[in-house]
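Structure at a glance
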Amino acid sequence: MEENGVGRPSTYAPTISTIEDRLYIEKEGKYLVPTDLGMVVNKLLEENFKDIVDVKFTADMEHKLDEVAENKIDYVQMLKDFYGPFITNLNEVQDKIEKVKVPEQESDVPCEKCGRTMVIKHGKFGKFLACPGFPECSNIKPYNESIDVPCPDCGGKVIIKHTKTRRPFYVCENNTNTEDSKCHYISWSKPKAKK
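The model shown is predicted, which means the values in this text are computed figures rather than measured ones. (Residues numbered from 1 in each chain as written. Predicted model: local features only at pLDDT ≥ 70, side-chain atom pairs only at ≥ 80, totals over all residues. Heavy atoms only, no water.)

Here we look at the packing of aromatic side chains
For any pair of aromatic rings, geometry is given as the distance between the ring centres together with the angle between the planes. This is how it is decided: Between 30 and 60 degrees the pair is tilted, below 30 it is stacked and above 60 it is edge-to-face, where a pair is any two Phe, Tyr or Trp rings, Trp via its six-membered ring, whose centres lie within 6.5 Å. Secondary structure follows DSSP: runs of H or I at least 4 residues long count as helices, runs of E at least 2 residues long count as strands, and numbering of each begins at the N terminus. We call a residue buried when its accessible area falls under 20% of the maximum for its residue type, exposed when it is over 50%, and partly exposed in between, using a 1.4 Å probe and counting protein chains only.
Enumeration according to the criterion identifies four aromatic pairs in this entry. For the pair Phe57 and Phe82, a centre-to-centre distance of 6.0 Å together with 35° between the ring planes defines the contact as tilted. Within this pair, whereas Phe57 is found in helix α3 (residues 55–69), its partner Phe82 is found in helix α4 (residues 75–96), the two being separated by 25 residues in sequence. Here Phe82 falls in the partly exposed class, since its relative accessible area comes to 27%. When the ring of Phe82 is compared with that of Phe86, the centres are 5.2 Å apart and the planes differ by 15°; the resulting orientation is stacked. Taken together, the residues Phe82 and Phe86, both in helix α4 and four residues apart, mark about one turn of the helix. An aromatic cluster of at least three residues, connected via ring pairs, comprises Phe49, Phe57, Phe82 and Phe86.

Take a look at the structure:
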C-alpha cells in the first residue's frame, strides 16, 4: 500500500481489520489470503467500478483530500466532480447486479436427519455445514476445517478453530480438552510437515 501511495501507516491496521471482519481475507501464518467471498466481491467490484477499484484512483483521491485539508482546493467542487459520474454508474449497476452469492462446496458429511450430503456455507461467523434440503430439513452444524499436516504428537487430524476475534489456532482431533484426552496438542502456529 505504501509503495503505491495508498493510505497512511496509521490506516493499515484498521483497513486489514475491516476486510478481515467482513470475511474477505483470512490470516494464514504471516500471510493474508483472500477467501472465496473476497474473490467474488473483488471480481464484482472490478467488473462494475473499474474507475474506482484502482490504485491510481485511490492515491489521487488521497492527494485531493490532503489538498482539501490544506485549503488548496474546494471540497464541495471535489465531491461534485466525483459524485456525478459515480451515482450514474451506481444506478446502472444496481439494475443489473444480483446479490453476491459464494458458491457452495459439497462436503463429505452426511446429514443425520435426511441423509443428503451437507454443503459448506459462509455465514457472519465463518463457514458452517448446512443441509441442502432446506426448508424441509434445516440441519446445520459447525464446519471443522482440517489441514493436510498430521498432528506432531499423535498423527491425528489437525483442525483449524477460531477465537471470538477470528484468530486461528490448531487443535488435534483427539484433544477433547480433558485430562484423559488421547492427545493434548494445541498451538497458535500451523504445524509443519517436517520437524
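Having seen the structure, we can now continue with the description.
Regarding unusual backbone geometry
The omega torsion of the bond from Phe134 to Pro135 falls at 10°, within 30 degrees of zero and hence cis. Here Pro135 shows up in the loop between β5 (126–130) and β6 (140–142). Its identity is not glycine, yet Asn71 carries a phi of approximately 60°, on the positive side. For Asn71, the location among the structural elements is in the loop between α3 and α4. Under the relative-accessibility criterion, Asn71 is labelled exposed at 71%.

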